[in-house]
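# Breakdown of the fold
Here are the chains, one letter per residue:
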Amino acid sequence: VHTLLQTLSDIVGPSHLLTAPELRARYETDCTGRYHGHAHCVVRPATTAQTSAVLAACHAHRCPVVPQGGNSGLVGGAVPHDAVVLSTERLNRLSPIDTAAAEVVAEAGVRLEILQNACQAAGLVFGVDMASRGSATIGGMVSTNAGGLHVLRYGSMRAQIIGVEAVQADGTIFGKIPGLRKDNTGYNFPSLLTGAEGTLAVVTRAHLLLHPALPHTCTALLALADIESAVILTAHLRLHLPSLHALEIFFAEGMHIVAEHFQQSLPFPEEHSTYLLVECADTTNPLAQLAAALTRPEVQDAAVAEDSVGRERLWRWRERHTEAIRSIGIPHKLDIALPLRSFPAFTREVHRQIIDIAPHAQTILFGHIGDGNLHVNILGLSPDDMTIDEAVFRLVSSYGGSISAEHGIGKTKRPYLLLHRSSEEVSLMRQMKEVFDPHGILNPEVLL
Ligand code: MLT
Ligand code: ZN
């Protein structure tokens, strides 16, 4: 390890090789507090060439490397275990926005918020948005195929990518920047690396497509009697609101936790069980479209906002779930996808099963109902106890759902991959891993 550290220091400069425990600490624990690891060092290359040299050196020493962006992942996918952390934070250059093509090239360490601000100044938007925008990086978002709040409109990260540049475990640089919007020339590396969780290569740059900004946005928070009403309304809104931009769900329990933690007063005079946050955006004002939806019989109460302050106030109820839950304890965060019609039966069953196994556990559900994606957050469990995680994954599987909708497999779900993917598929994944990384140094504890 000592000679490797010297080589790495020569490549990036001594101030970008962090070995002291207090400097390494923030790269060794994930943002949920559930995962802790140990890094030999943190290395921060500033260019693709330096990234290549770092990987070649680690490869020669057969030393595991864990790529890390904003460290805001939720499945332990960037926590090192006796590995070198390759932090992308200095790979932070953004090309000028190509407004004619509506495209941009971002290095892996560019934070989402920085990209969003640059797009906004050019009258464009990036299709993926999420509450962790201040820390999540483009490289991490590519590697986890991040979803977020507008998947129902723009698709997830995979749908935004025109080209990637990446570095293989042995230091070989590959990929195409700039890419082309249409390019049918065989196996598609941008697609393959998206969602590969840093196990095949380290993404260094991504060529991304952008969308025209929509000048009119309105948002409504709807109070409903139950999850059945939420499913009926979701199906209706998807069909009847062409300007639908976000469709999120949460429940009374989450609403109360947010209210308490952030000292917010409740938005409605009465208690309700289920809440939908509906957002519409368009080139003309979509308020009439949205207002028509509010007359549906499922809607018990509603608050609507058109201005950014009012809209943000409504969004807070949903976006602040993660932080409010985290303030209570270390949650088990399970991110699942289900057929929409299964939501009512699943939510009832999941509460029942969790209570049966751990009567004192607290379960908070929220998520992106427009994408059939629920976040099952459970408080009051010990971080290593996987009993409930496994029970929930088995339940999800029995409904034909996925054990990861948008957070990835990481370390948390690695033992359960076969609940959703066939042995033939997993075997092909292993063979791909072997081709890209025959010595298994890239994020070895994750995914496979
Ligand atoms: C969200 O939807 O807010 C994110 O996936 C984060 C989380 O699940 O806590
Ligand atoms: Zn989410």
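Here, every reference points to the structure presented above.
Notes on the structure follow. Just so we're clear, the structure is a prediction, and the values are computed from it rather than from any experiment.

### Some words on the site of ligand 1
Taken together, Leu 74, Arg 318, Thr 322, Lys 333, Phe 366, His 368, His 375, Glu 406 and His 407 make up the full set of residues near ligand 1. The contact in question runs from an oxygen atom of ligand 1 to an N or O atom on the side chain of Arg 318, over 2.6 Å. For ligand 1, an oxygen atom lies 3.0 Å from a polar atom in the side chain of His 368. A total of 260 Å² of accessible area belongs to ligand 1 in isolation, and the protein chains cover 86% of it. Its residues placed into classes, the shell around ligand 1 shows two nonpolar, four polar and three charged.

### Quick word on the coordination of the zinc ion (ligand 2)
Here the zinc ion (ligand 2) is held by the protein donor atoms His 368 (NE2), His 375 (NE2) and Glu 406 (OE), which lie 1.9 to 2.2 Å from it. Considered as a linear motif, the donors of the zinc ion (ligand 2) on their single chain read H-x6-H-x30-E. Taken together, the residues span a long stretch of sequence, with His 375 in strand 17 (residues 373-379) and Glu 406 in the loop between helix 14 (387-398) and helix 15 (423-436) at a distance of 31 residues. For His 375, a relative accessible area of 4% puts it in the buried group. Assessed through its relative accessible area of 13%, Glu 406 is described here as buried.

### Some thoughts on the pairing of strand 3 (residues 65-68)
Of the two faces of strand 3, both are covered, the one formed by Val 65 and Pro 67 as well as the one formed by Val 66 and Gln 68. Direction of pairing for strand 3 relative to strand 4 (residues 81-87): parallel, over a ladder of four bridges. Across the sheet, residue Val 65 finds its bridge partner in strand 4, namely Val 84.

### So, helix 11 (residues 308-319)
For helix 11, the complete set of buried residues consists of Gly 310, Arg 311, Leu 314, Trp 315, Trp 317 and Arg 318. Taken down its axis, helix 11 places every buried residue within 140° of arc, on the same side.

Parameters at a glance
- Residues numbered from 1 in each chain as written.
- Chains lettered and ligands numbered in written order.
- Predicted model: local features only at pLDDT ≥ 70, side-chain atom pairs only at ≥ 80, totals over all residues.
- Heavy atoms only, no water.
- Near = heavy atom within 4 Å.
- Polar contact = N/O pair within 3.5 Å; in protein donor to acceptor, adjacent residues only side chain to side chain.
- Areas by Shrake-Rupley, 256 points an atom, 1.4 Å probe, with all protein chains shown as cover.
- Nonpolar A, V, L, I, M, F, W, Y, C, P; charged D, E, K, R; others polar.
- Donors = N, O, S within 2.8 Å, 3.2 Å for Na, K, Ca; no water.
- Helix = DSSP H or I, 4+ residues; strand = E, 2+ residues; numbered from the N terminus.
- Buried < 20%, exposed > 50% of the residue type's maximum accessible area, 1.4 Å probe, protein only.
- Pairing = 2+ DSSP bridges.
- Arc of directions from axis to C-beta.

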